[in-house]
Amino acid sequence: MVLSELLKMCLLPRPVNGSEDIVLLQSGHALISSGLHEIKSGSVSSHIPPRDGNILLFDFNKPEDNVKKLNLLSSSTFDPKQLNPHGMSYWQDPDSGTVWLYVVNHLLDGEAIEVFEYIPNEYSLKHVKQIQHSMLVSPNDLLVVGPDSFYFTDDHYFRNHLLKVIEGYLQLPISSVGFYDGETQEARQVASSLKFPNGINMSPDGRFLYITTAVGLELIIYKRNKTDNSLALAQIIQMVDSCDNLFFHVDTGDLWTGCHPRVIDTIQHLYHNVSHRSGSLVLRIRLGPENVVGHGVPFPDYTIDQIYSNDGRQLKGSSVAVYYEGNMLVGTVVDNLLYCEVKSLQP
């Protein structure tokens, strides 16, 4: 596809201090993690300036309202000044419609998942609880599948900084995916031998789990056992670029992802000089009809379309893209946010 034929208009909303992950609610509200300022999972020291962690709101139904900062209501276990947000996911109560937002938070003394109740009419997030566990070693992203139950990607195996440097430099396949059970409050490893597992999402029927590996340059598809939440490797799609977070478009079954076309520029941008030009890339992955004959990979006829590409002059370090009724929102690790009107896409 030719980019000029896809994008009608792209605008940079009000400047933000990063927009690393975006979750899109059924209402068209996009919740955005902003202010990631120390990437503990990185293989080198981060040089991102200190900044406040925030959760932002962009309403696709009212793009003219621009980006709003949500009010973070503190609790006995949460100080908004300590928010250093990374990946996010949400759970919507099927009866009440209440939305619960789960946020990876890199604390000064460890890792946590913060749980908030989203109160849209007050533009607020009310802190409900903080979840910590020894298996949250280097959490990057998470996928909530039930109340307080979620998968999470640990992008590094080691906690020690020097060992992380070695792990990243040698591209060791020793990272993993874990599952936290909200009922037992226990976690276990469900996938291993990965190179920097990053974004994670799931098919609407819960049968397939999708994970990107930023160093392995892969999209990995697992079959999920919905009874015990175990995973079985089903397919590996080799990617050319280092892809980050995943968005699943329920209506079309497409996966959207923000990618880093030149990893060396991304490292320079994130860990040495935030002004360094790091390219941005948005891909749409169409998996095609599922193979149901009982052997072979589940999605043999996939296609990958390039939706947006930029050398970093307009947008640095894309990490996520979501699509809603002909419009697209692209987030970045520590840079700005991009809103585009998209012309008709192939069905």
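The residue numbers shown here count from 1 along each chain, following its written sequence. Thresholds applied to this predicted model are a pLDDT of at least 70 for local features of residues and 80 or more for the giving and counting of side-chain atom pairs; totals over whole chains, interfaces and linings are not thresholded and use all residues. Computation of side-chain values covers all heavy atoms of the structure but excludes hydrogens and water.

Caption draft 1: The arrangement of the overall build of the protein in detail. Runs of E in the DSSP output that reach at least two residues are strands. Runs of H or I that reach at least four are helices, and both are numbered from the N terminus. Helices and strands together make up the secondary structure of the protein, namely three helices and 25 strands. For this measure, only C-alpha atoms enter the radius of gyration; the expected value for a globule follows 2.2 Å times N^0.38, where N is the number of residues. Expected size for 347 residues packed as a compact globule is a radius of gyration near 20 Å; at 19 Å, the protein falls within 12% of this value. Along the longest, intermediate and shortest principal axes, the C-alpha atoms of the protein span 50 × 50 × 45 Å. Counting over 347 residues, the protein shows a buried share of 55%. Note on areas: Shrake-Rupley with a 1.4 Å probe; residue coverage comes only from the protein chains shown. Summed over its atoms, the accessible surface of the protein is roughly 15200 Å², and 49% of this surface lies on carbon and sulfur atoms. Charge-centre separation for the protein: the mean point of 25 positive side chains lies 4 Å from the mean point of 39 negative side chains. Burial classification: accessible surface area is computed with a 1.4 Å probe over protein chains only, and a residue below 20% of its type maximum counts as buried, one above 50% as exposed, and the rest as partly exposed. Positive charges are assigned to Lys and Arg, negative charges to Asp and Glu, while His and the chain termini are left out of the count. For this purpose, a charge sits on NZ of Lys, CZ of Arg, CG of Asp or CD of Glu.

Caption draft 2: Up close: the environment of N198. Residue placement: N198 occurs in strand β15 (residues 197-202). By definition, residues are in contact when any of their heavy atoms lie within 4.5 Å. Apart from residues no more than four positions distant in its own chain, N198 is found in contact with N140, D141, T153, I211, T212, A214, C243, D244 and N245. Residues adjacent in sequence count toward polar contacts only when both atoms are side-chain atoms; beyond that, a polar contact is any pair of N or O atoms within 3.5 Å, and within protein one must be able to donate a hydrogen and the other to accept it. A distance of 3.3 Å separates the side chain of N198 from the side chain of D244, its partner in a polar contact.

Caption draft 3: View of the sheet that holds β15. For two strands to be treated as a pair, DSSP must find no fewer than two bridges joining them. Sheet architecture is open: four strands sit in the order β15-β16-β17-β18, paired in antiparallel fashion. Because the sheet does not close on itself, it has two edges, and the strands there are β15 and β18 (231-238). Averaged over neighbouring strand pairs, the angle between their axes works out to 25° when direction is ignored. As judged from the six bridges shared by strand β16 (residues 208-213) and strand β17 (residues 218-224), these two strands associate in the antiparallel manner. Looking across to β17, one finds that T212 is bridged to L219. Here an axis means a line fitted to C-alpha atoms, over the contact stretch when the element is a helix, while the angle between two N-to-C directions is reported on a 0 to 180 degree scale.

Caption draft 4: Main features of the side chain of E111. Within the secondary structure, E111 sits in strand β9 (residues 110-119). One polar contact links E111 to H106, side chain to side chain, over a distance of 2.6 Å.

Caption draft 5: Summary view of the pairing of β16. Most of β16 is tucked away: six of the six residues are buried. Burial along β16 is two-sided: F208, Y210 and T212 and L209, I211 and T213, pointing in opposite directions, are all buried. Here four bridges tie β15 to β16, and the two strands are oriented antiparallel to one another. By the bridge assignment for β16, N201 is matched with Y210. The turn joining β15 and β16, which pair antiparallel and follow one another in sequence, is formed by five residues; a positive phi near 75° is taken by G206. Linking β16 to β17, which pair antiparallel, is a turn of four residues; within it L217 sits at a positive phi near 55°.

Caption draft 6: Inspection of the state of the cysteines at higher detail. Cysteine sulfur atoms are paired as a disulfide whenever they fall within 2.5 Å. All told, the structure shown has two disulfides when counted by the stated rule. A sulfur-sulfur distance of 2.1 Å marks the disulfide that ties C10 to C340. An S-S torsion of about 105° defines the bridge between C10 and C340 as right-handed. Here C340 lies in strand β25 (residues 338-342) and C10 lies in strand β1 (residues 7-11), a separation of 330 residues in the sequence. Here C340 falls in the buried class, since its relative accessible area comes to 0%. Here C243 is linked by a disulfide to C259, with a sulfur-sulfur distance of 2.2 Å. The sign of the 90° torsion about the S-S bond sets the C243-C259 disulfide as right-handed. You can see C243 sitting in strand β19 (residues 242-249) and its partner C259 sitting in strand β20 (residues 254-260), a full 16 residues away along the chain.

Caption draft 7: The arrangement of unusual backbone geometry in detail. Positive phi, close to 55°, is recorded for L217, a residue that is not glycine. Tracing the backbone through its elements, the reader meets L217 in the loop between β16 and β17. By relative accessible area, L217 is classed as partly exposed at 24%.

Caption draft 8: Geometry of helix α3 (residues 263-271). Considered for burial, the residues of α3 that qualify are D265, T266, H269, L270 and Y271. Looking at the buried residues of α3, the elements they touch are β20.

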